[in-house]
Every structure is written in C-alpha cells, then in structure tokens.
Amino acid sequence: MISHVPSGVVSDKYGAKHVIETSLVLTSVCLIFTPVLVHTVERNAIGLYLVTLVTGVAQGLTVPAMASFLAHWAPARERGTLVCIALGGLFTGTIINNLVTESMIIACDNWSVPFYVYGGMGLGLLLIWHLIVYSNPHLDPHITSKERLYLDIQMKGTVDHKNKTIPICQIFTSLHVWSLSMVISVALWYWLFIAGNLPRFMNDVWKFHIRKSKMWASAPFAMMVVMGLGFGVLSDWLINNRYVNVVTMRKVCTNVGCMGPAVYMLTASYAGCHRALSEILVMIALGLQGVTLAGCRLVVFDLSPNYAGFLVAFCNLPGFIASTFTPSVLHAFLPNGTVNEYKQIFFFFFLLLALANFVFVVICDVKLKKWNQPERPQKPAIVIN
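Let me begin by describing the structure that accompanies this report.

### With respect to a nonpolar patch on the surface
No. 1: On the surface, V25, V29, F33, V36, Y116 and L123 cluster together into a nonpolar patch covering about 460 Å² of accessible area.
No. 2: Mapped onto the nonpolar patch, the elements with two or more residues apiece are α2 (17–40) and α6 (113–132).
No. 3: Top element by residues in the nonpolar patch is α2. It accounts for 4 residues.
No. 4: Structurally, Y116 can be placed in helix α6.

Right, dumping it as structure tokens:
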C-alpha cells in the first residue's frame, strides 16, 4: 500500500524500467538476507520485521509499474493478448509456489533454500531486464524502424512517451474511474482471499492433507492463466473484426470474471463433502476469475493509457486495504472451519462482488478521457513585423 501510488506516479512520469528494477533488487536482496537474519538475530525479530516491510514495499512497486510499461508497448489492437500474458504472471507465481517451494524444502531438508533460490532468480532476471528492456519504443535501440513506426501509428493521439504530470484532480472526480476502482478492488480482495485460503478450505471441507491440497490447489490457478489468456486473445479478435464493440466486451468479461467465481465458489461450499463435485466447481470458479484480466483490468488502458500506472495503483489500493481486514473476516466467519461457516463467508463475498459488478456494468465507459492528453506549455508565437 505504501509504494503502490508512488510507483504509478514515477512510472507514468519518467518510465517504468528503473521502478521495476528497484523492485527486483530490493525483493531479491531481502529474500537472500531473510535466512541470515533468522539465524543471527536469535530472539530479536526487529531486523526481520524491517526486511519483511522492505520486501512488501518492493513488491508494491511492481504492478503499477508493469501497467505503465505495458501502456507504452501494447497497442489497442493487441492490448487484450499482451496485457493478459503479463498479468497471468500473478497467477503463475502462485502455481510455482504451490508446486515447488515445499518440495524444495523437503528435498534439501532446509527451509532457507527457497529464499536463496528465488532471490538468485530475481537477480538473474534483473540482469536480463536491464540489458534488453526499455520503458518505451523510442528508447529501445534493438527494435526496427518498421516496428517503431507501427507502434507510433497505433498509439498516435493516445500514448505520450514524454515526461508528464499526473492529472490527479480529473482522475479523482471521474465517476468512471471510481466505478472501475470499486470492481477491481473487490475482485482483488476476493482473489487474495482465495489464493491464501484455498488450501485451508480443502483441509476443512474435503479433509485433504495440507501437502496434498497445496499440490492440488495449483490446478485452479493454472485454469486462471489459461482462461485469462484465452479471453484476452478472443476479445482482441472479436473487437478487431468488429463482431462486438469494446465496452460490451469489457462488461461481459468483467461480469463473467466477477460473478462466475462468486457463484461457483458459493455452490462448491454447498456441495460440502461431495468432493468430486466440489472440486469441479472450484476449478470452474477460479478459472473464470482469470477472465477479469480481459475485462475490468483492460479498462484502465482504455480510459487513459498515459496514466495507466497511477490508475492501476488507485484502483488496487482499496483492495489491498480491505485485504488487511481478511484475518478479522476469517475470525468472524470461520471460527471452527465448518461447511456452514464457509457458506456464510462465500455468500458475503458473493454480495460484495454482485454490488461491485452491478455498479461497474451500469457506469462503465471505455472512451479515452480528455485528460489522458498531457497539458504541454504552449510556445510563444513568433511575430514577424
């Protein structure tokens, strides 16, 4: 939460490359030093708390910067495909964690190994990123003039690669931005809740062992990646061939991505101990959640690609704030982890998602905002006597 908005502002104003590099450096170093601190500070956990805080700040830089970066490289005709590929990494990380981390610890008989491995991978990725990635096409010496011309033509009048000032007042007073923030925040909170508590649901309701449930829990997130990318490609194809307009496609994908998971997870809780049926319903629910990538997540780029980083930060922030209350929600709804308690908590999220989705569908707009165009100081006219 601390770094989300600054990341969006700096990325939109100066470029996203170095913001993402900062995130990679801080995250990787903190991961590598975490086991060192655990072994050396003994009972003094202040150092570990500080490293954890820095890790969170570093991670908060990533998503707004990524959105700003994509806005400069993803033309409207390919926006759904490219954005869904990039954002699919959010779900892919969960898959890797579920499949690899515990196995790595067991194989090495050392809990600290994943910290060194993931930290080292981050530093390796940092080197690749620094050498081949640039904030916009005009800074990249590796692309051809033909590729640069294509991007310039596709983004003419919508994306400005120069430094600019964020139009905060216009963004804060836009009803379309607020409706978008509402649906993205609720969907984000729900995704964070599912990502963190799906293994617990499997243990409590299906009586899966925690190790087996974490392995199985990767499958629904794989479905999210497939569905997100599939609908991203499909939306581009339908829009480019004029089979459907942009606003309809965004509304349909948002509706499917919000209400599908809400309905199927609630139904899965009612399926209770009928494990086979419940497993199918959970797979469908999480698969459909990936469809939001082709829905409300793309509206940010439709409204204002020049300020996509700040808009993503603004829209995500309430969701992250709400997620800090997740332990309180779990304590209120799941004191014993019974099937009936899961029905109540999934019904709670169903109501939240239904409200947010309704507001979004009614108010949603994808027209490029006037304030997307940066205000440039006008050069004084030359008067010839």
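And the narrative resumes.
### A closer look at the pattern of salt bridges
No. 1: Within this structure, the stated rule accounts for 3 salt bridges.
No. 2: Residues R250 and D302 are paired through a salt bridge, measuring 2.7 Å at the closest nitrogen-oxygen approach. With R250 in helix α12 (residues 246–271) and D302 in helix α14 (residues 296–303), this pair connects stretches of sequence that are 52 residues apart. No difference in accessibility class separates R250 from D302, as the two residues are buried.
No. 3: For D365, the salt bridge identified is with K369, shortest N-O distance 3.8 Å. The pair D365 / K369 is uniform in exposure class, with both members buried.
No. 4: Sharing partners across several salt bridges, the network here consists of R79, R250 and D302.

### So, the side chain of R79
No. 1: When you line up the elements, R79 lands in helix α5 (residues 79–108).
No. 2: On the accessibility criterion, R79 (10% relative accessible area) is buried.
No. 3: A distance of 3.0 Å separates polar atoms of two side chains, one belonging to R79 and the other to D302.
No. 4: Look past the residues within four positions of R79 in its chain and what remains in contact with it is A74, D236, L298, F301 and D302.

### Details of the packing of aromatic side chains
No. 1: Per the counting criterion, the structure on display carries 16 aromatic pairs.
No. 2: When the centroid spacing of 6.3 Å and the interplanar angle of 35° are considered together, the rings of F69 and W73 count as tilted. With F69 and W73 both in helix α4 (residues 62–73), this residue pair falls 4 residues apart, about one helical turn. Comparing F69 with W73 shows no difference in burial state: the two are buried.

### Topic: helix α15 (residues 308–323)
No. 1: If you check α15, its first and last C-alpha atoms are 23 Å apart, about what 16 residues at 1.5 Å a residue would give, namely 22 Å.
No. 2: Within α15, 12 of the 16 residues are buried, which leaves it mostly tucked inside the rest of the structure.
No. 3: For α15, the full list of buried residues reads A308, G309, F310, L311, V312, A313, F314, C315, N316, G319, A322 and S323.
No. 4: The inward-facing, buried residues of α15 abut α1 (4–14), α4, α8 (168–172), α9 (175–206), α14 and α16 (326–333).

### Quick word on the nonpolar core
Nonpolar side chains tend toward joint burial in soluble globular proteins.
No. 1: In this structure, L180, L286, F301, I345 and F346 are the most contacted members of the largest nonpolar core, which totals 76 residues.
No. 2: The element best represented in this core is α9, accounting for 17 residues.
No. 3: Excluding its chain neighbours within four sequence positions, the residues that come into contact with I345 are F193, V329, L330, F333 and L334.

Parameters and conventions
Residues numbered from 1 in each chain as written. Predicted model: local features only at pLDDT ≥ 70, side-chain atom pairs only at ≥ 80, totals over all residues. Heavy atoms only, no water. Patch = residues over 30% accessible without salt bridge, like charges linked within 9 Å, V, L, I, M, F, W, Y side chains within 5 Å. Areas by Shrake-Rupley, 256 points an atom, 1.4 Å probe, with all protein chains shown as cover. Salt bridge = Lys/Arg side-chain N within 4 Å of Asp/Glu carboxyl O. Helix = DSSP H or I, 4+ residues; strand = E, 2+ residues; numbered from the N terminus. Buried < 20%, exposed > 50% of the residue type's maximum accessible area, 1.4 Å probe, protein only. Polar contact = N/O pair within 3.5 Å; in protein donor to acceptor, adjacent residues only side chain to side chain. Contact = heavy atoms within 4.5 Å. Phe/Tyr/Trp six-rings, centres within 6.5 Å; stacked < 30°, edge-to-face > 60°. Expected span 1.5 Å × (residues − 1). Core = buried A, V, L, I, M, F, W, Y, C linked by side-chain atoms within 4.5 Å.

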